[in-house]
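For reference, the chains in residue letters:
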Amino acid sequence: MTHGFATRAIHVGQEFDPTTGAIIPPIYQTSTFVQDGIGGLRGGYEYGRGGNPTRTSLETLLASLEGGVSALSFASGLAAEDALLRAVLRPGDHVVLGNDVYGGTHRLINRIHGAWEVRNTTVDLADLDAVRSALAVDGTRVLWIETPSNPLMKISDLAALVELGHAVGALVVVDNTFASPALQQPLSFGADVVVHSTTKYLGGHSDVIGGALVFADAELAEKAQFIQFAAGAVSSPMDAWLTVRGIKTLAVRMQRHTSNAQAIAEALVGRPGIDAVYYPGLPDHPGHALAAAQMSGFGGMLSVALSGGAAAARRFAESTEVFQLAESLGGVESLIGYPSEMTHASVRGTELEVPDNVIRLSVGIEDVADLLADVEQALTR
Ligand SMILES: *Cc1c(COP(=O)(O)O)cnc(C)c1O
């Protein structure tokens, strides 16, 4: 019998050390592995770029949590994305991606892979007719989905998009960073690959940069593993270990992130000075019903549009005290960001530009009363 999510998050790939009984598997801080005669490998390990037991333990864990056949752990989310794209794309191929994907993903596809003649089209993923016509472009190989999206928390219909992507033979990739597998498991909707920045909720403590790919299919996994081995953007043993440590509490953290974010969203909605609150847990959010159907919680991210424009948004972002002004998200500590000049600076002037009156909150797991009081005092400023 397979165990539940929270049990697997703590135990899969985490067998105690058989030689000492240490309950926590050691960090295999080693670059190479001694051979019993030429080619006599113990446990298949040869050289650290090709594999390391600490990395294996994280990869085994991630595959279980996303319901995949296998996973690969990388030095960053973007390194994971790059390895996947290189495994599947050739010059002339075409990628369809949401018009509000993570700015770094767009930059990678548009500028790095674009230089190798990979073409892309950005499209509103909520508009299925627009997606269908973008997918009809000759040479479409990949449909890239991010839901909830960043920073406006748009929800895309995973099952419908998977069907459209597969109808043209495209690989369907879902960046599941915002939801984490605790709240959403895209492979169960038929997606082919899940991408993570494990820097965010999976690591959960803002102390490690990492990324991962989780595969529904062994053949593609093998191609990506070859890129990982040949190009070398692997995660270090220490980073893999920290990420495993973070994942053990993922289930409870996501519950608290969600309840704190819901409370803040409800407190802010309809307030003078606030034009809009973007949080899928609010009943009038356009993706509310869809999120309720395909996620098991609404998550810890929300954005707010201020009626006082850029000046008000900047002032708000610089006025919170518990919410610290910083890039990134998904840690136990609350963060506030100003997307148009921080996370989304790389897409200014493009269709992906974020309005300059929007601030983004990564709601942490502190006491909700302190978070509410902090937002209140920042609003009155
Ligand atoms: C941060 C992030 C990435 C990139 O991951 P890094 O670990 O910073 O390379 C990709 N997608 C989303 C949704 C992110 O938030």
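First, a word on scope: everything that follows refers to the structure included in this document.

Analysis parameters
- Residues numbered from 1 in each chain as written.
- Predicted model: local features only at pLDDT ≥ 70, side-chain atom pairs only at ≥ 80, totals over all residues.
- Heavy atoms only, no water.
- Helix = DSSP H or I, 4+ residues; strand = E, 2+ residues; numbered from the N terminus.
- Buried < 20%, exposed > 50% of the residue type's maximum accessible area, 1.4 Å probe, protein only.
- Contact = heavy atoms within 4.5 Å.
- Polar contact = N/O pair within 3.5 Å; in protein donor to acceptor, adjacent residues only side chain to side chain.
- Near = heavy atom within 4 Å.
- Areas by Shrake-Rupley, 256 points an atom, 1.4 Å probe, with all protein chains shown as cover.
- Nonpolar A, V, L, I, M, F, W, Y, C, P; charged D, E, K, R; others polar.
- Phe/Tyr/Trp six-rings, centres within 6.5 Å; stacked < 30°, edge-to-face > 60°.
- Lys NZ or Arg CZ within 6 Å of the ring centre and 35° of its normal.
- Pairing = 2+ DSSP bridges.
- Axes fitted to C-alpha atoms, helices over the stretch in contact; angles between N-to-C directions.
- Patch = residues over 30% accessible without salt bridge, like charges linked within 9 Å, V, L, I, M, F, W, Y side chains within 5 Å.
- Salt bridge = Lys/Arg side-chain N within 4 Å of Asp/Glu carboxyl O.
- Parallel < 35°, antiparallel > 145°, perpendicular 65-115°, else oblique.
- Left-handed = near helix turned anticlockwise from the far one by under 90°.

1. A look at the environment of alanine 292
Part 1 of the reasoning: Relative to the assigned elements, alanine 292 resides in helix H10 (residues 288–294).
Part 2 of the reasoning: Its relative accessible area of 45% is what places alanine 292 among the partly exposed residues.
Part 3 of the reasoning: Measuring from C-alpha to C-alpha, the distance between alanine 292 and proline 280 comes to 8.4 Å, with twelve residues separating the pair along the chain.

2. Looking at helix H6 (residues 158–167)
Part 1 of the reasoning: Residues of H6 that are buried include every one of Leu158, Ala160, Leu161, Val162, Leu164 and Gly165, and no others.
Part 2 of the reasoning: Contact partners of the buried residues in H6: helix H5 (128–135), strand S4 (140–146), strand S5 (171–175) and H10.
Part 3 of the reasoning: Of the residues flanking the start of H6, the one acting as N-cap is aspartate 157, its side-chain oxygen 3.3 Å from the backbone nitrogen of alanine 159.
Part 4 of the reasoning: Of the residues one or two after H6, glycine 169 is the one with positive phi, at around 75 degrees.

3. Points about the site of the ligand
Part 1 of the reasoning: Close contacts around the ligand come from 14 residues, with Gly77, Asp175, Ser197, Thr199 and Lys200 the closest.
Part 2 of the reasoning: One of the backbone N or O atoms of leucine 78 is found 2.9 Å from an oxygen atom in the ligand.
Part 3 of the reasoning: Between lysine 200 and the ligand, the recorded distance is 2.7 Å, taken from a side-chain N or O atom to an oxygen atom.
Part 4 of the reasoning: Expressed as a share of its isolated accessible area of 380 Å², the protein-covered part of the ligand is 93%.
Part 5 of the reasoning: If one sorts the elements of the shell around the ligand by residue count, helix H3 (residues 77–88) sits on top with three residues.
Part 6 of the reasoning: Here the residues of the shell around the ligand are counted per class, giving four nonpolar, six polar and four charged.

4. Here we look at helix H8 (residues 237–247)
Part 1 of the reasoning: Those residues of H8 that fall on the buried side of the exposure criterion are Pro237, Ala240, Leu242, Thr243, Val244, Gly246 and Ile247.
Part 2 of the reasoning: In the core, the buried residues of H8 are packed alongside helix H1 (5–11), helix H2 (53–66) and helix H9 (250–268).

5. Focus on the packing of aromatic side chains
Part 1 of the reasoning: Scanning all chains against the criterion turns up one aromatic pair.
Part 2 of the reasoning: The cationic tip of lysine 200 hangs over the ring face of tyrosine 102; the distance from NZ or CZ to the ring centre is 5.3 Å.

6. Things to note about the sheet that holds strand S6 (residues 193–197)
In a beta sheet, neighbouring strands are held together by backbone hydrogen bonds and run either parallel or antiparallel to one another.
Part 1 of the reasoning: Taken together, the seven strands give an open sheet; going across it, the order is S1-S7-S6-S5-S4-S2-S3, and neighbouring strands pair in mixed fashion. Every interior strand has two partners, whereas the edge strands, strand S1 (70–74) and strand S3 (119–123), have only one. Strand-to-strand twist across the sheet, computed as the mean angle between neighbouring axes with direction ignored, equals 20 degrees.
Part 2 of the reasoning: Across the sheet, H3 is in contact with S1, S4, S5, S6 and strand S7 (211–215); its angle to S7 comes to roughly 40 degrees.

7. Digging into the environment of histidine 113
Part 1 of the reasoning: Inspection of the secondary structure puts histidine 113 in helix H4 (residues 103–113).
Part 2 of the reasoning: Relative accessible area serves as the criterion here: at 7%, histidine 113 is assigned to the buried category.
Part 3 of the reasoning: For the pair formed by histidine 113 and proline 91, sequence separation is 22 residues and the distance between their alpha carbons is 8.6 Å.
Part 4 of the reasoning: Other than its neighbours up to four places away in sequence, histidine 113 contacts Asp82, Leu85, Arg86, Leu108 and Val118.

8. A closer look at a nonpolar patch on the surface
Part 1 of the reasoning: A cluster of nonpolar side chains, Phe16, Ile23 and Ile24, forms an exposed patch at the surface whose accessible area comes to about 330 Å².
Part 2 of the reasoning: Mapping phenylalanine 16 onto the fold places it in the loop between H1 and H2.

9. Focus: the sheet that holds strand S9 (residues 301–306)
Part 1 of the reasoning: Taken together, five strands build an open sheet; the order of strands is S8-S9-S12-S11-S10 and the sheet is mixed. Here the strands that pair on one side only, and so sit at the sheet edges, are strand S8 (274–278) and strand S10 (324–325).
Part 2 of the reasoning: Sitting on the sheet, H9 touches S8, S9 and strand S12 (358–362), and the angle it makes with S9 is about 15 degrees.

10. A short note on the packing of H9 against helix H12 (residues 368–380)
A pair of packed helices can be characterised by two numbers: the angle between their axes and the separation between those axes.
Part 1 of the reasoning: Running from N to C, H9 and H12 point in directions that differ by 30 degrees, and their axes come no closer than 10 Å. It follows that H9 is roughly parallel to H12 by the angle criterion. Handedness of the crossing formed by H9 with H12: right-handed. Contact residues: Asn260, Ala263, Ile264, Ala267 and Leu268 in H9; Val368, Leu371, Leu372, Val375 and Leu379 in H12.
Part 2 of the reasoning: Partitioned by chemical class, the residues of the contact of H9 with H12 number nine nonpolar, one polar and no charged.

11. Details of the pattern of salt bridges
Part 1 of the reasoning: The final tally for this structure, using the stated rule, is ten salt bridges.
Part 2 of the reasoning: Note that aspartate 129 and arginine 132 form a salt bridge whose closest N and O atoms lie 2.7 Å from each other. One end of the pair, aspartate 129, and the other, arginine 132, are both in helix H5, three residues apart, so they sit about a helical turn from each other.
Part 3 of the reasoning: On the basis of relative accessible area, aspartate 129 is assigned to the exposed category, the value being 54%.
Part 4 of the reasoning: Put simply, arginine 271 and glutamate 376 hold a salt bridge, and the shortest N to O gap is 2.8 Å. Note that arginine 271 is positioned in the loop between H9 and S8 and glutamate 376 in helix H12, a separation of 105 residues in sequence.
Part 5 of the reasoning: Classification of arginine 271 by relative accessible area gives partly exposed; the value is 26%.
Part 6 of the reasoning: Among the charged side chains, a network of salt bridges with common partners joins Asp100, Asp124 and Lys154.

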